Amino acid sequence: MKLVQTTEMLGDATCWFKAEGLPDALNLDDAIKLILAMTQKDEWGHIKVEYEGSEGFLGDTIVEYRYGEVKKWDDDLFNALNNKTVDKIHANGGWGMMSYYIKLKQEDVPRES
């Protein structure tokens, strides 16, 4: 997986990126592992997951990391979604902050009746 810049630098000195080269049938657990392996020691941010029913802007935060270490992990959200298939990954950041946005394939997400 590699990140490819998709925008010029924005007014807040960040850029948007998209992930390319995602493995086929990548699940949420493996996507988080790939992202955490890519982070730099001087970087901080969060990983959000977007699924049907997510409430936050661009998804719900599942991981917060800082300087190479996981600082917060949402066990309940992870356990509910950990085997779901990833549709795409985007990222946004600059100057030490990089946040990742994982979108799950909709057919894999259980629907509430």
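Everything here concerns the structure above.
Since the model is a prediction, treat every value here as computed from it, not as a measurement. (Residues numbered from 1 in each chain as written. Predicted model: local features only at pLDDT ≥ 70, side-chain atom pairs only at ≥ 80, totals over all residues. Heavy atoms only, no water.)

## Some points on the overall build of the chain
Across its full length, the chain carries two helices and seven strands. When its helices and strands are written in sequence order, the chain yields β-β-α-β-β-β-α-β-β. In terms of its C-alpha atoms, the chain occupies a principal-axis envelope of roughly 45 × 30 × 25 Å. Here the chain holds 113 residues, and the buried ones make up 36% of them. When contacts within the chain are restricted to residue pairs at least 6 apart in sequence, long-range pairs at least 24 apart make up 52% of them. Total accessible area computed for the chain in this model is approximately 6900 Å², and 47% of it derives from carbon and sulfur atoms. (Helix = DSSP H or I, 4+ residues; strand = E, 2+ residues; numbered from the N terminus. Buried < 20%, exposed > 50% of the residue type's maximum accessible area, 1.4 Å probe, protein only. Contact = heavy atoms within 4.5 Å. Areas by Shrake-Rupley, 256 points an atom, 1.4 Å probe, with all protein chains shown as cover.)

## So, the pattern of salt bridges
Tallying each qualifying case throughout the model produces three salt bridges. Here Lys18 and Glu20 are joined by a salt bridge, their closest N and O atoms 3.5 Å apart. (Salt bridge = Lys/Arg side-chain N within 4 Å of Asp/Glu carboxyl O.)

## Some thoughts on the packing of aromatic side chains
Going through the model one piece at a time under the given rule, you end up with two aromatic pairs. Ring centres 5.5 Å apart and planes at 40° place the aromatic pair Trp16 and Tyr101 in the tilted group. A residue pair is termed long-range when its members are at least 10 positions apart, and Trp16 in strand 2 (residues 15–20) and Tyr101 in strand 7 (residues 97–104) qualify at 85 residues. (Phe/Tyr/Trp six-rings, centres within 6.5 Å; stacked < 30°, edge-to-face > 60°.)

## A short note on the pairing of strand 2
Regular strands place side chains that alternate from one sheet face to the opposite one. Of the two faces of strand 2, the one lined by Cys15, Phe17 and Ala19 is fully buried and the one lined by Trp16, Lys18 and Glu20 carries no buried residue. As paired elements, strand 1 (residues 2–5) and strand 2 share four bridges and run antiparallel to each other. Counterpart to Lys2 in the pairing with strand 2 is Glu20. Note that strand 2 and strand 6 (residues 86–94) share four bridges and pair antiparallel. Following the sheet pairing, Cys15 is matched in strand 6 by Gly93. (Pairing = 2+ DSSP bridges.)

Bear in mind that shape data such as this cannot, by itself, settle questions of function.
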